[in-house]
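Reading the structure
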Amino acid sequence: MLRIENLKVNYGGIEAVKGISFDVEDGKIVTLIGANGAGKSTTLRTISGLVRKSSGSIIFNGDEISHLDASDIVKKGITLCPEGRRVFPDMTVLENIKIGAYLRNDNLQNDINKIYSMFPILQERNWQLAGTLSGGEQQMLAVARSLMSNPKIMMLDEPSLGLAPLIVKEKYNKRY
């Protein structure tokens, strides 16, 4: 489904990603593991079109996508839930959830209901400004927002950062 071949990314004279290659098969979970500064976030940001590669290829369903804008990559079915939550603090929880579906033109209510079943606290606080949520609640909201694009591939950068250990155990051991 996704093939990364000899991907290299530079920031100025610094080589942040030094030739990583991997495949993501349909229905599989792939984890990038490495020390801080190893290039994991940069790799995900490059796949999602937020950072440009220096060389190598990013192939999704047989098509090279590294030349596409981030919005076109989302349209193809790849989404990134970035590290550090990055919710829209001056928008409500519900507005943040809906903005994850900005490229869709279908009825969102079934997917919103699914999100609320996964994260009931978001339904309770759907009127609340996202910036006033706790860090863990903002992380749940960031994941929910990413799910709203109905991705074929969802990339999570530090998905449990800021979540209470009990929430991590509950959410990552449950099937939806």
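Residues numbered from 1 in each chain as written. Predicted model: local features only at pLDDT ≥ 70, side-chain atom pairs only at ≥ 80, totals over all residues. Heavy atoms only, no water.

**Notes on the nonpolar core**
- With 20 residues, the main nonpolar core has Ile97, Ile115, Phe119, Leu122, Leu141 and Met148 as its most contacted residues.
- Listed by contribution, the elements that provide at least two residues to this core are helix H3 (93–99), helix H4 (109–118) and helix H6 (135–147).
- The element that contributes the greatest number of residues to this core is H6, accounting for 5 residues.
- What Leu122 contacts, discounting residues up to four positions off in sequence, is Val93, Ile115, Tyr116, Glu137, Met140, Leu141 and Ala144. (Core = buried A, V, L, I, M, F, W, Y, C linked by side-chain atoms within 4.5 Å. Buried < 20%, exposed > 50% of the residue type's maximum accessible area, 1.4 Å probe, protein only. Helix = DSSP H or I, 4+ residues; strand = E, 2+ residues; numbered from the N terminus. Contact = heavy atoms within 4.5 Å.)

**Comments concerning the pattern of salt bridges**
- Counting across every chain of the model gives 9 salt bridges.
- Residue Arg3 is joined to Asp23 by a salt bridge in which the shortest nitrogen-to-oxygen separation is 2.7 Å. Placement of the pair is Arg3 in strand S1 (residues 2–11) and Asp23 in strand S2 (residues 14–24), with a sequence separation of 20 residues.
- Residue Glu137 is joined to Arg125 by a salt bridge in which the shortest nitrogen-to-oxygen separation is 3.1 Å. Taken together, the residues span a long stretch of sequence, with Glu137 in helix H6 and Arg125 in the loop between helix H5 (120–124) and H6 at a distance of 12 residues.
- Judged by its relative accessible area of 12%, Glu137 falls in the buried class. (Salt bridge = Lys/Arg side-chain N within 4 Å of Asp/Glu carboxyl O.)

**A word on unusual backbone geometry**
- The backbone of Asn6 shows a phi angle near 50 degrees, a positive value even though the residue is not glycine.
- Among the structural elements, Asn6 can be located in strand S1.
- Under the relative-accessibility criterion, Asn6 is labelled partly exposed at 40%.

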